[in-house]
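For reference, the chains in residue letters:
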Amino acid sequence: HPNGRWEARIGMPGSRHIYLGLYNDEADAAKSYDRALVKLRGSQAATNFALSNYTEQLREYHTEQQKEILYKSNQEVLNNDSGLKKQIPLHLSANSPSPAAIAEHATHCI
């Protein structure tokens, strides 16, 4: 960066970027990039440091993926039942994996 600081950003398709900030230290910029990328891509993220450093971000990724699955499932129910007008609230049911199970799965992705 022109002012001697390190810029962190994630390149996205179509020449877009997600700007993460400017950092005085190269390692801090790299860690910021890694944390954001793991939240976006989970265990498929190409990180600068070991993926095992980002278990919290992996948990967040897997929780968001589960919410997305539940949302899509609810939308399919809504689309297949034309008499149903009320949106089904998004929540984790008793059959949903516990946060501990999600964390355990995230750990195995490392």
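Residues numbered from 1 in each chain as written. Predicted model: local features only at pLDDT ≥ 70, side-chain atom pairs only at ≥ 80, totals over all residues. Heavy atoms only, no water.

## Points about the overall build of the chain
Right, so step 1: Across its full length, the chain carries three helices and two strands.
Right, so step 2: Going from the N terminus to the C terminus, the chain shows its helices and strands as β-β-α-α-α.
Right, so step 3: Intrachain contacts of the chain at a sequence separation of at least 6 include 23% that bridge at least 24 residues.
Right, so step 4: Only carbon and sulfur atoms are counted for the fraction: they give 50% of the accessible area of the chain, which is about 7700 Å². (Helix = DSSP H or I, 4+ residues; strand = E, 2+ residues; numbered from the N terminus. Contact = heavy atoms within 4.5 Å. Areas by Shrake-Rupley, 256 points an atom, 1.4 Å probe, with all protein chains shown as cover.)

## Some words on the packing of aromatic side chains
Right, so step 1: This structure, assessed with the given rule, holds zero aromatic pairs.
Right, so step 2: The ring of Phe49 carries Lys31 above its face, with NZ or CZ at 5.9 Å from the centroid. (Phe/Tyr/Trp six-rings, centres within 6.5 Å; stacked < 30°, edge-to-face > 60°. Lys NZ or Arg CZ within 6 Å of the ring centre and 35° of its normal.)

## Describing the packing of helix 1 (residues 26-41) against helix 2 (residues 55-80)
Right, so step 1: Running from amino to carboxyl end, helix 1 crosses helix 2 at an angle of 25°, the nearest separation of the two axes being 7 Å. In this view, helix 1 runs roughly parallel relative to helix 2, as classed from their interaxial angle. Handedness of the crossing formed by helix 1 with helix 2: right-handed. For the pair helix 1 and helix 2, contact is made by Arg35, Val38, Lys39, Leu40 and Arg41 and by Gln57, Leu58, Glu60 and Tyr61, respectively.
Right, so step 2: Taken together, the residues that form the contact of helix 1 with helix 2 break down as four nonpolar, one polar and four charged. (Axes fitted to C-alpha atoms, helices over the stretch in contact; angles between N-to-C directions. Parallel < 35°, antiparallel > 145°, perpendicular 65-115°, else oblique. Left-handed = near helix turned anticlockwise from the far one by under 90°. Nonpolar A, V, L, I, M, F, W, Y, C, P; charged D, E, K, R; others polar.)

## Details of the pattern of salt bridges
Right, so step 1: One pass over the structure, following the stated rule, counts five salt bridges.
Right, so step 2: A salt bridge links Glu7 to Arg9, with the shortest nitrogen-to-oxygen separation between them at 3.2 Å.
Right, so step 3: One salt bridge connects Glu56 with Arg59, and the closest N-O pair in it is separated by 3.9 Å. Of the two residues, Glu56 and Arg59 both sit in helix 2, three residues apart, roughly one turn of that helix.
Right, so step 4: The exposure class assigned to Glu56 is partly exposed, which follows from its relative accessible area of 41%. (Salt bridge = Lys/Arg side-chain N within 4 Å of Asp/Glu carboxyl O. Buried < 20%, exposed > 50% of the residue type's maximum accessible area, 1.4 Å probe, protein only.)

## So, unusual backbone geometry
Right, so step 1: Of note in the backbone geometry, Ser15 takes a positive phi value of approximately 60° without being a glycine.
Right, so step 2: Within the element layout of this structure, Ser15 appears in the loop between strand 1 (6-12) and strand 2 (16-23).

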